[in-house]
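Structure assessment
Below, each chain spelled out in residue letters.
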Amino acid sequence: MHAWPASEVPALPGQGLPLRVFDTATSSVRAIVPEGPTARLYVCGITPYDATHLGHAATYNTFDLVQRVWKDAGHDVLYVQNVTDVDDPLLERAVATGQDWTELAARETALFREDMTALRMLPPAHYVGAVESIPWIVPLVKQLLATGAAYELDGDIYFSVDADPRFGEVSGLGRDAMMPVFAERGGDPQRPGKKHPLDALLWLSARPGEPAWDTELGHGRPGWHIECVAIALKYLGMSFDIQGGGSDLSFPHHEMGAAHAQVATGEHPYAQAYVHAGMVALDGHKMSKSRGNLVFVSKLRREGVDPAAIRLALLAHHYRSDWEWTEQDLAQAEKRLALWRAAVSRPDGPPAEGMLAEMRAALAEDLDAPGALEAVDRWAAAQAADGGEDIGAPGLVSRAVDALLGVAL
């Protein structure tokens, strides 16, 4: 599966600072220092049964910033993202709308690529579908079966959470607290015959009318968590730098993924840090497809909204915060974009080296995008008030905003 085209990242003078970011597993902001020249990042992708909404965009914007900070600090970045192109929600939507599930997935994945291109998100080096990853999933499940960490139940295969003594270290949740969340987020704690209610599906045997593949595990399809593990291990290996996604993935998805990988390989940790973006709400509730309270990036674009303004609206909120989208968010972003473009359109201006240093410091310290925006605001205000004689300043500001924030002025 192919990703989307990359926008050029302008070169900046000097070098950025090491990244410090909040790690869910340790509940602390800490330095994430890649072991070698290449930083390794895995971000969980979409289940393509509907278009990209602003909650998605906020999440992928978070990890686009991670890439940009790393690149500015002199690292290459190996970025991997999946597409869950076979799963219950996708199949349910296809049945409800009378569509072929493969056509639905292909169409919505294509629209996602268009949205990411418009928002100037840096693409993954490997963009991989769940269906593509089945040949890597099967050996992992076989390994878990061979070690007794997995078991069969009526043709399905489950992972035993008791096989991982570290289970719970990613989310920090106790098992009692996990139970309702597991049920809410795709788990089946009430299924009879499971060794533990929290045990998660690795392989689902074929159901009537649903897609399935012939493998050494039987005729069926993969579970959700093992898909990401197989892809991450294929391209990144164990102990990669950051596992990323929305905060709703910390449990069960990232918790289960870490357990699957650690038990299958006998190594620890699966990822050096677990970084999670906050949720975006509309009308008092988290944006979700089940609720239908969504603002779509593609719809905003069709209405003529500049993608740079959409991105600025996202950047105005700290990535870890939960926040609610309003029309005022977009209005403020459009105003800011106009002011910045007017400021860099002049032939000279106040010196911008201090602004660049402030941007770098803000983003390196837990991706403080609002702080970076304020640094540019101060430069633009000084430009509007008094101007300056530095003929290189507007160009440096334009390049810095592009390279570090992904916003083209």
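Along each chain, the written sequence defines residue order, and numbers are assigned to residues from 1. For a predicted model such as this one, the threshold for reporting local features is a pLDDT of at least 70, and the threshold for listing and counting side-chain atom pairs is 80 or more; totals across whole chains, interfaces and linings nevertheless cover every residue. Computation of side-chain values: all heavy atoms of the structure, hydrogens and water removed.

A short note on the overall build of the chain
Helix and strand counts for the chain come out as 13 helices and 15 strands. In terms of its C-alpha atoms, the chain occupies a principal-axis envelope of roughly 75 × 45 × 35 Å. Across the 409 residues that make up the chain, the buried fraction comes to 57%. Sequence-distant contacts, at least 24 apart, represent 79% of the contacts inside the chain between residues at least 6 apart. For the chain, the exposed surface amounts to about 16,300 Å²; the carbon and sulfur share of it is 51%. Going along the chain from the N terminus, every DSSP run of H or I of four or more residues is numbered as a helix, and every run of E of two or more is numbered as a strand. In this scheme, a residue with accessible area under 20% of its type's maximum is buried, one over 50% is exposed, and one in between is partly exposed, where area comes from a 1.4 Å probe on protein chains only. Residues count as neighbours in contact if any of their non-hydrogen atoms are within 4.5 Å of one another. Here the Shrake-Rupley method, with its probe set to 1.4 Å, supplies the accessible areas, and only the displayed protein chains count as covering residues.

Thoughts on unusual backbone geometry
Of the consecutive residues F251 and P252, the connecting peptide bond is found in the cis state with omega at 5°. Counting through the fold element by element, P252 comes out in helix α7 (residues 250-265). Residue P269 is reached from H268 by a cis peptide bond, and omega for that bond is 0°. With respect to the secondary-structure elements, P269 resides in the loop between α7 and β12 (271-277). In this model, D154 sits at a positive phi of 55°, which is unusual for a non-glycine residue. Looking at where D154 falls in the secondary structure, it is placed in the loop between β6 (150-153) and β7 (156-159). Positive phi, close to 55°, is recorded for D283, a residue that is not glycine. If you trace the backbone, D283 turns up in the loop between β13 (280-282) and β14 (285-286).

Here we look at empty space enclosed by the protein
Cavity means a closed set of points on a 1 Å grid over the protein atoms alone, one where a 1.4 Å probe fits but cannot get out, pocket means an open set with protein on both sides within 12 Å along at least 5 of 7 lines, and lining means a residue has an atom within 4 Å of a point. Grid points are joined across faces, edges and corners, and a volume is the space filled by probe spheres set on the points. Taken as a whole and judged by the stated rule, the model has 5 cavities of 30 Å³ or more. As a volume, the largest cavity reaches approximately 100 Å³. The wall of the largest cavity is formed by 14 residues, among which A58, T62, L314, H317 and Y319 lie closest to the centre. Of all the secondary structure elements, the ones that give two or more residues to the lining of the largest cavity are α1 (54-72) and α9 (307-315). Sorting elements by how many residues they give to the lining of the largest cavity places α1 first, with 4 residues. Considering only residue class, the lining of the largest cavity consists of 9 nonpolar, 5 polar and no charged. In this classification, Asp, Glu, Lys and Arg are treated as charged, Ala, Val, Leu, Ile, Met, Phe, Trp, Tyr, Cys and Pro as nonpolar, and every other residue, Gly included, as polar.

A look at the pairing of β6
Note on pairing: DSSP must find at least two bridges between two strands before they are called paired. Examined bridge by bridge, β6 and β7 share 4 bridges and lie antiparallel to one another. The partner of L153 across the bridge, within β7, is D156. Between β6 and the antiparallel strand that follows it, β7, lie 2 residues; D154 among them carries a positive phi value of about 55°.

What about the packing of α9 against helix α10 (residues 327-344)?
Axis definition: a line fitted to C-alpha atoms, over the contacting stretch in the case of helices. Angles run 0 to 180 degrees between N-to-C directions. One can describe the packing of α9 onto α10 by two numbers: an axis separation of 8 Å at closest approach and a directional angle of 115°. In terms of axis orientation, α9 runs roughly perpendicular to α10. Between α9 and α10 lies a crossing of right-handed hand. Contact residues: A308, A309, I310, L312 and A313 in α9; D329, L330, A333, E334, R336, L337, W340 and R341 in α10. Throughout this description, any angle smaller than 35 degrees is read as roughly parallel, any larger than 145 degrees as roughly antiparallel, any in the 65 to 115 degree range as roughly perpendicular, and the remainder as oblique. With the far helix as reference, a near helix turned anticlockwise by less than a right angle produces a left-handed crossing, and one turned clockwise produces a right-handed crossing.

Examining the side chain of D199
Position of D199 relative to the elements: it lies in the loop between α5 (175-184) and β8 (200-205). Here Asp and Glu are counted as negative and Lys and Arg as positive; His is not counted, and neither are the chain ends. Here, a salt bridge means any Lys or Arg side-chain nitrogen found within 4 Å of an Asp or Glu carboxyl oxygen. K194 provides the closest opposite charge to the buried, salt-bridge-free D199, at an N-O distance of 6.2 Å. Any N or O atom pair separated by 3.5 Å or less is treated as a polar contact, with the protein-specific requirement of one donor-capable and one acceptor-capable atom, and with residues adjacent in sequence counted only for side-chain atom pairs. Within the structure, D199 has its side chain in polar contact with the side chain of Y151 (distance 2.6 Å). Apart from the residues within four sequence positions on either side, D199 is in contact with Y151, Y158, F159, S160, V161, F182, D188 and K194.

Digging into the sheet that holds strand β15 (residues 323-324)
Pairing is mixed across the open sheet formed by 3 strands, whose spatial order is β14-β13-β15. Two strands in the sheet have a free side with no partner beyond their single neighbour: β14 and β15. In terms of strand pairing, β13 meets β14 through 2 bridges, oriented antiparallel. By the bridge assignment, L282 is partnered in β14 with H285.

Details of the packing of aromatic side chains
Aromatic rings from Phe, Tyr and Trp, taking only the six-membered ring of Trp, are treated as a pair when their centres fall within 6.5 Å; an angle between ring planes under 30 degrees marks them as stacked, one over 60 as edge-to-face, and anything in between as tilted. For the structure on display, the rule yields 10 aromatic pairs. Taken together, a centroid distance of 5.5 Å and an interplanar angle of 80° make the contact between W4 and Y127 edge-to-face. One end of the pair, W4, is in the segment before β1 (20-23); the other, Y127, is in strand β5 (residues 126-129), and 123 residues separate them in sequence. Assessed through its relative accessible area of 3%, Y127 is described here as buried. Seen in terms of ring centroids, F240 and Y270 are 5.0 Å apart; in terms of plane orientation they differ by 80°. Their pairing is edge-to-face. Within this pair, whereas F240 is found in strand β11 (residues 240-246), its partner Y270 is found in the loop between α7 and β12, the two being separated by 30 residues in sequence. Here F240 falls in the buried class, since its relative accessible area comes to 0%. Linked through ring pairs, W4, Y60, F112 and Y127 together constitute an aromatic cluster.

Overview of the pattern of salt bridges
Pairs may arise between side chains of opposite charge once their charged atoms sit close together. For the structure on display, the rule yields 23 salt bridges. Between D402 and R120 there is a salt bridge; the shortest N-O distance is 2.8 Å. You can see D402 sitting in helix α13 (residues 393-405) and its partner R120 sitting in the loop between α3 (101-118) and β5, a full 282 residues away along the chain. A single burial state applies to D402 and to R120, both of which are buried. The shortest N-O distance in the salt bridge between K194 and D188 comes to 2.8 Å.

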